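Below are the chains, spelled out letter by letter.
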Protein chains: 2
Amino acid sequence: MTPHDPAQLIERLTRVLQNEAHAGGLKPTQWEALRYLARANRFSRTPSALTAYLGTTKGTVSQTVMALERKGLITKVSAPSDRRQVDLALTAAGRSLLEEDPYEHLSQSWAQLDGQAQEQLSESLALLLQEMLRRRKGRPFGVCRSCKFFRANAEGNGRHRCALLNQALTEADSALICVEQEPAG
Amino acid sequence: MTPHDPAQLIERLTRVLQNEAHAGGLKPTQWEALRYLARANRFSRTPSALTAYLGTTKGTVSQTVMALERKGLITKVSAPSDRRQVDLALTAAGRSLLEEDPYEHLSQSWAQLDGQAQEQLSESLALLLQEMLRRRKGRPFGVCRSCKFFRANAEGNGRHRCALLNQALTEADSALICVEQEPAG
DNA sequence: CTCCTTTAGTATCGACTCGATACTTTCGAT
DNA sequence: ATCGAAAGTATCGAGTCGATACTAAAGGAG
């Protein structure tokens with residue numbers, strides 16, 4: 001009964017998910033921005049990076065960011081190193097709201113599947129996404145540690161290094177999403 | 001490197017897809033409505049059914065439908081049996097525009113995967129969607145033939161029957177999506 | 001050091017989605 | 001004949017989104 005082509009399944013899943021993402025007084029895009037900021041490293045918590053992540057335009061992101069700030073979920077601070085940039089950070093309220101993330105339902109449903117189905121889904125989905133991004137030439141937004149510029153323990157004492165930005169990285173840094181990330185060969 | 005939880009993968013895939021769905025002068029929702037109408041059977045090509053499918057409200061769907069009509073992609077005809085209802089139908093232009101459906105990229109990317117990954121993805125995704133819908137208590141919108149009210153060949157001569165609506169069904173009907181569909185036990 | 005270009009963000013417009021509410025028309029059941 | 005439910009439409013406000021125009025700061029090149 002299930003269509004062989006998963007495009008229809010993904011289309012349907014996407015729609016169900018988008019409907020759920022109107023909870024908690026936020027819009028789907030606002031949830032996505034909030035999630036991103038919670039997972040992005042310090043080089044990547046700017047409106048520019050968010051623009052690249054969401055794949056829209058500066059103007060739209062500017063509005064979304066203003067809405068989140070108005071709701072008290074994030075703060076905007078002009079970057080000391082470059083005063084054109086704005087550092088975005090989650091407030092305590094923002095972090096606590098994320099615990100009601102409607103996407104948790106998705107993880108819960110996934111958790112209901114048996115072990116083999118879970119494994120299969122994760123693997124095949126990763127391949128599909130990779131293929132989509134390859135076509136689109138979009139940035140992968142992977143975690144720091146898997147980047148080709150990541151130099152493990154290059155600073156000693158368990159401190160790593162980014163060979164692109166020439167910055168020291170903590171263990172915590174290396175687990176976060178980075179705009180500049182390029183998968184290691 | 002890939003997160004074990006596929007929620008992030010699906011979130012990302014969804015976003016990439018939504019960005020692509022702004023092509024051809026249509027909005028993502030308009031594409032979805034067009035796709036639905038192309039695949040829905042005659043009991044299901046109404047604003048009500050479309051509302052249930054999209055999971056939004058009557059008002060929103062009314063606007064989307066008006067936009068598609070304005071663009072010459074669908075026609076609206078008051079139903080003869082019940083004059084409250086409106087029958088929606090794709091025009092030739094609508095059908096031809098669907099050949100440029102941005103979701104084709106998704107099918108193409110899927111086609112790039114090897115046979116096993118394709119199989120795994122379809123199966124696991126179907127399970128996940130089923131689980132999501134079970135939680136949401138949303139209608140599955142499956143094809144007519146897989147419904148518990150479907151009576152194969154009940155009219156003879158390869159004509160089938162819907163035991164819910166008491167209507168004869170052609171072979172073509174039975175392959176289409178139905179609002180009333182409930183999976184056979 | 002001054003021009004000039006690039007980069008980061010904001011401001012604003014128009015089209016659209018979306019939830020919510022109020023309304024009209026039609027059907028059906030009592 | 002009446003009343004209530006169902007199918008759509010109309011309209012409002014908030015938000016997304018692309019597009020364009022704008023400001024301010026940084027980084028050269030001379």
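Preceding block: the structure.
The following refers to the structure shown. Keep in mind the model is a prediction, meaning the values are calculated, not measured. (Residues numbered from 1 in each chain as written. Chains lettered and ligands numbered in written order. Predicted model: local features only at pLDDT ≥ 70, side-chain atom pairs only at ≥ 80, totals over all residues. Heavy atoms only, no water.)

**A look at the layout of surface pockets**
For the largest pocket, the calculated volume is near 780 Å³. Along the walls of the largest pocket sit 37 residues, with A:Gln18, A:Pro28, A:Thr29, B:Gln18 and B:Pro28 positioned nearest its centre. Contributions of two or more residues to the lining of the largest pocket are made by α1 (7–20), α2 (28–39) and α4 (58–70) of chain A together with α1 (6–20), α2 (28–39) and α4 (58–70) of chain B. Its residues placed into classes, the lining of the largest pocket shows 11 nonpolar, 18 polar and 8 charged. (1 Å grid on protein atoms, 1.4 Å probe; cavity = no way out; pocket = protein on both sides within 12 Å on 5 of 7 lines; lining within 4 Å. Points joined across faces, edges and corners; volume = space filled by probe spheres on them. Helix = DSSP H or I, 4+ residues; strand = E, 2+ residues; numbered from the N terminus. Nonpolar A, V, L, I, M, F, W, Y, C, P; charged D, E, K, R; others polar.)

**Topic: the interface of chain B and chain A**
Accessible area lost during the coming together of the parts is what is often quoted as the interface size. Contacts between the two partners involve 56 residues from chain B and, on the opposite side, 56 residues from chain A. The contact between chain B and chain A buries some 6000 Å² in all, and 62% of this surface belongs to carbon and sulfur atoms. For chain B, the biggest contributors to the area lost against chain A are B:Glu11, B:Arg12 and B:Arg15; these three give 12% of the whole. Linking chain B with chain A are 6 salt bridges. Among the salt bridges present, the one from A:Arg35 reaches B:Glu11, with a minimum N-O distance of 3.1 Å. Counting across the chain B and chain A interface gives 18 residue pairs in polar contact (both at pLDDT 80 or more). Elements represented by at least two residues in the side of chain B that touches chain A include exactly α1, α2, α3 (47–54), α6 (104–112) and α7 (115–136) of chain B. With 16 residues, the top contributor of residues to the side of chain B that touches chain A is α7(B). Class assignment for the residues of the side of chain B that touches chain A results in 25 nonpolar, 18 polar and 13 charged. (Contact = heavy atoms within 4.5 Å. Buried area = accessible area lost by both parts, 1.4 Å probe. Salt bridge = Lys/Arg side-chain N within 4 Å of Asp/Glu carboxyl O. Polar contact = N/O pair within 3.5 Å; in protein donor to acceptor, adjacent residues only side chain to side chain.)

**Quick look at the packing of aromatic side chains**
Considering all chains together, one arrives at 6 aromatic pairs over all chains under this definition. Residues A:Tyr53 and A:Phe141 carry aromatic rings whose centres are separated by 5.1 Å and whose planes lie at 85° to one another, so their mutual orientation is edge-to-face. Of this pair, A:Tyr53 sits in helix α3 (residues 47–54) while A:Phe141 sits in the loop between α7 (115–136) and β3 (150–156); the two residues are 88 residues apart in sequence, bridging distant segments of the chain. When sorted by exposure, A:Tyr53 lands in the same class as A:Phe141, which is buried. Taken together, the aromatic side chains of A:Tyr36, A:Tyr53 and A:Phe141 make up a single cluster linked through ring pairs. Over the face of the ring belonging to B:Tyr53 we find A:Arg12, whose NZ or CZ atom lies 4.2 Å from the ring centre. Here the guanidinium or amino end of B:Arg35 rests over the ring plane of B:Tyr103, the centre of that ring lying 4.0 Å away. (Phe/Tyr/Trp six-rings, centres within 6.5 Å; stacked < 30°, edge-to-face > 60°. Buried < 20%, exposed > 50% of the residue type's maximum accessible area, 1.4 Å probe, protein only. Lys NZ or Arg CZ within 6 Å of the ring centre and 35° of its normal.)

**Things to note about the environment of B:Ile177**
Residues and elements named next belong to chain B. Inspection of the secondary structure puts Ile 177 in the segment after β5 (167–169). Assessed through its relative accessible area of 7%, Ile 177 is described here as buried. Ile 177 sits 119 residues away from Lys 58 along the chain, and the two C-alpha atoms are 20 Å apart. Those residues in contact with Ile 177, other than ones at most four positions away along the chain, are Tyr 36, Arg 39, Ala 40, Asn 41, Ser 44, Phe 141, Gly 142 and Val 143.

**Remarks on the protein's contact with DNA strand D**
All names here are of chain B. The local shell around DNA strand D holds 27 residues, among which Ser 48, Lys 58, Ser 62, Lys 76 and Val 86 are the closest. Sugar plus phosphate: this is where 71% of the atoms of DNA strand D within 4 Å of the protein reside. Within the side chain of Arg 15, a nitrogen or oxygen atom sits 3.5 Å from a phosphate oxygen of DNA strand D. Measuring from a base nitrogen of DNA strand D, one finds a side-chain N or O atom of Arg 84 at 3.4 Å. Of the residues belonging to the surface near DNA strand D, the class tally is 3 nonpolar, 14 polar and 10 charged. (Near = heavy atom within 4 Å.)

**Some points on the relation of the copies chain B and chain A**
In the superposition of chain B on chain A (RMSD 0.0 Å, axial shift 0.0 Å), the rotation amounts to 180°. The superposition of one copy onto the other is thereby described by a two-fold rotation axis. Same-surface contact between copies: 100% of interface residues of chain B are shared with the interface of chain A. (Least-squares fit on C-alpha atoms with pLDDT ≥ 70 in both.)

**Here's the deal with the protein's contact with DNA strand C**
As a matter of local geometry, DNA strand C sits amid 27 residues, with A:Ser48, A:Lys58, A:Ser62, A:Lys76 and B:Arg84 nearest to it. Taken together, the sugar and phosphate atoms account for 74% of what DNA strand C places within 4 Å of the protein. B:Arg83 has a polar backbone atom sitting 2.9 Å from a phosphate oxygen of DNA strand C. Contact between DNA strand C and B:Arg84: a base oxygen at 3.4 Å from a side-chain N or O atom of the residue. When residues of the surface near DNA strand C are traced back to their parent elements, those giving at least two are α1, α3 and α4 of chain A together with α2 and α4 of chain B.

**Here we look at the pattern of salt bridges**
Enumeration over the complete set of coordinates arrives at 22 salt bridges over all chains. Two residues, B:Glu32 and A:Arg15, come together in a salt bridge whose shortest N-O distance is 3.1 Å. Of this pair, B:Glu32 sits in helix α2 while A:Arg15 sits in helix α1, on two different chains. Using a relative accessible area of 4% as the deciding quantity, one classes A:Arg15 as buried. Three or more residues joined by partner-sharing salt bridges are found here, namely A:Glu11, B:Arg35, B:Arg39 and B:Asp101.

Scope: geometric values only; no functional claims are made or implied.
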